[in-house]
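Take a look at the letters that make up each chain.
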Amino acid sequence: MSSIIKASRSNRKPTERENGGKKGEVVLFGTWASTFCTRVELALKLKGISYEYVEEDLTNKSELFLSLNPVHKKVPVLVHIGKSIAESLIILEYIEECWNTTLKLLPEDPYPRAKVRFWANYYDQKIVPSFYIIFGSKDKEREKAIEDLSQLLKVFEEGIEKDFPGQSPFFNGEILGYLGIVIGSHACNYQAVDEAIGVALISEKNQEFLSWVNALKNCPLMGETLPPHDKLLARLSARLKST
Ligand SMILES: N[C@@H](CCC(=O)N[C@@H](CS)C(=O)NCC(=O)O)C(=O)O
């Protein structure tokens, strides 16, 4: 793995057990603009796990990468002591279970735990695809797609308020939690998308959601892990021009 880019990244020194004891035992294959990879980086940093980062060129996927995720052929892939794990939500759960002596990403109680997983799943199944539809459409079709997103966000807002009355499920106490990672890694990029498409992605009707996202954006770890705004904007604008 000569192309491995050493990528820091922990807020405190990990214990030997946490980092597996040897350099290179945790390797993340990702790409800088991927919100799914940001999720994994956030979880690794929160748990204080040292890792190496390999930037994968998705236009020319390496044989090594394809051998690690032969089913979906997508980033992120986490390799832990030579074993590969794919799919960001599954990787988050793996990290939570494997490094279970450090801070927790998920609530301890099974019921709120299940609810957090439910809303993370809703976000990935319903909301993430609607961002792609907005990005890939124009004019009236885009207006309709933005309205559809607003309705999905309304369901999300109402569901969160009902399931977590008077508390934020996005943080575990003061610390970013599983749902905060899942939502924030994606939605905190909304300004770059707004600027690229020239329309506000999150409607005025979803002020609640916007306030949650802005709270997540203010979290220092989120700020240092998200892709840089200008670089992302340039990437999105180039994508739009080429379609
Ligand atoms: N459901 C997957 C989605 C991952 C995904 O879509 N990754 C994109 C980058 S953002 C990718 O690798 N695309 C390459 C391809 O589709 O060939 C997850 O949660 O990990």
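Residues numbered from 1 in each chain as written. Predicted model: local features only at pLDDT ≥ 70, side-chain atom pairs only at ≥ 80, totals over all residues. Heavy atoms only, no water.

Undergrad: Just to check I follow, could you spell out the site of the ligand for this structure?
TA: S34, F36, L58, K61, K74, V75, P76, E87 and S88 make up every residue found near the ligand. One of the backbone N or O atoms of V75 is found 2.9 Å from an oxygen atom in the ligand. Computed on the free molecule, the ligand has an accessible area of 510 Å², of which 72% lies beneath the protein chains in the complex. (Near = heavy atom within 4 Å. Polar contact = N/O pair within 3.5 Å; in protein donor to acceptor, adjacent residues only side chain to side chain. Areas by Shrake-Rupley, 256 points an atom, 1.4 Å probe, with all protein chains shown as cover.)

Undergrad: I would appreciate a short explanation of the UniProt feature "domain: GST C-terminal" (unreviewed entry) in the chain in the present structure.
TA: According to UniProt, the positions carrying the feature "domain: GST C-terminal" (unreviewed entry) are residues 109-240. Helix makes up 74% of residues 109-240 and strand 3%, whereas the separation of the span's terminal C-alpha atoms amounts to 44 Å. (UniProt positions renumbered as here; feature names shortened; annotations may be inferred. Helix = DSSP H or I, 4+ residues; strand = E, 2+ residues; numbered from the N terminus.)

Undergrad: Sorry, what's going on with the packing of aromatic side chains here?
TA: Given two aromatic rings, their pairing is described by the distance between the two centres and the angle made by the two planes. Tallied over the full model, the rule gives 10 aromatic pairs. Ring centres 6.3 Å apart and planes at 15 degrees place the aromatic pair Y122 and F156 in the stacked group. One end of the pair, Y122, is in helix α4 (residues 110-135); the other, F156, is in helix α5 (residues 139-163), with 34 residues separating them in the sequence. With respect to burial, Y122 and F156 carry one shared label: buried. In this structure F156 comes out as buried when scored by relative accessible area, which is 0%. Positioned above the aromatic ring of F118 is the side chain of K115, whose terminal nitrogen or guanidinium carbon lies 5.9 Å from the ring centre. Its guanidinium or amino end placed over the ring of W32, K231 lies 4.2 Å from that ring's centre, counting from NZ or CZ. (Phe/Tyr/Trp six-rings, centres within 6.5 Å; stacked < 30°, edge-to-face > 60°. Buried < 20%, exposed > 50% of the residue type's maximum accessible area, 1.4 Å probe, protein only. Lys NZ or Arg CZ within 6 Å of the ring centre and 35° of its normal.)

Undergrad: What am I meant to see in the packing of α5 against helix α8 (residues 207-217) here?
TA: Helix-helix packing: each pair is described by the crossing angle between the helix axes and the interaxial distance. Look at α5 against α8: their axes get within 9 Å of each other, and the N-to-C directions meet at 75 degrees. When the axis of α5 is compared with that of α8, the two are roughly perpendicular. Contact with α5, carried on its side by L153, F156, E157, I160 and E161, involves Q207, E208, F209 and W212 of α8 and no other residues of that element. (Axes fitted to C-alpha atoms, helices over the stretch in contact; angles between N-to-C directions. Parallel < 35°, antiparallel > 145°, perpendicular 65-115°, else oblique. Contact = heavy atoms within 4.5 Å.)

Undergrad: Just to check I follow, could you spell out the nonpolar core for this structure?
TA: As a rule of thumb, nonpolar side chains are buried together in soluble globular proteins. Ranked by internal contacts, the top residues of the largest apolar core, which has 66 residues, are F156, I183 and F209. Broken down by element, the residue count for this core peaks at 9 residues, all from α4. Looking at which domains feed residues into this core, each of domain 1 (2-98) and domain 2 (110-241) gives three or more. Beyond its immediate chain neighbours, meaning those up to four positions away, I183 contacts Y123, F156, F170, C188, F209 and L216. Judged by nonpolar contacts, the second largest core, of 9 residues, contains F29, V54, V75 and V79. (Core = buried A, V, L, I, M, F, W, Y, C linked by side-chain atoms within 4.5 Å. Domains from an automatic or database assignment.)

Undergrad: Honestly, the side chain of R113 in this entry has me stumped. Any pointers?
TA: Within the secondary structure layout, R113 lies in helix α4. Of the side chains bearing the opposite charge, E96 lies closest to the buried R113, which forms no salt bridge; the N-O distance is 4.6 Å. In this structure R113 touches L106, P107 and E108, once residues within four positions along its chain are discounted. (Lys, Arg positive; Asp, Glu negative; His and termini not counted. Salt bridge = Lys/Arg side-chain N within 4 Å of Asp/Glu carboxyl O.)

Undergrad: So what exactly am I meant to see when it comes to the environment of G180 here?
TA: One can find G180 in helix α6 (residues 178-187). Expressed as a C-alpha distance, the spacing of G180 and P227, which sit 47 residues apart in the sequence, is 17 Å. With sequence-adjacent residues up to four places away left out, G180 is seen in contact with F170, S185, L216 and M222.

Undergrad: When you look at unusual backbone geometry in this model, what are you seeing that I'm missing?
TA: Keep in mind that most residues, glycine aside, have a negative phi and that most peptide bonds are trans. The linkage connecting V75 with the following residue, P76, adopts the cis geometry, with an omega of 0 degrees. Take P76: it is sitting in the loop between α2 (63-68) and β4 (77-80). Although it is not a glycine, I81 adopts a positive phi angle of roughly 45 degrees. For I81, the position within the fold is in the loop between β4 and β5 (83-86). Notably, D139 is not glycine yet its phi reads approximately 45 degrees, a positive angle. With respect to the secondary-structure elements, D139 resides in helix α5. Looking at D139, the relative accessible area reads 62%, which means it is exposed.

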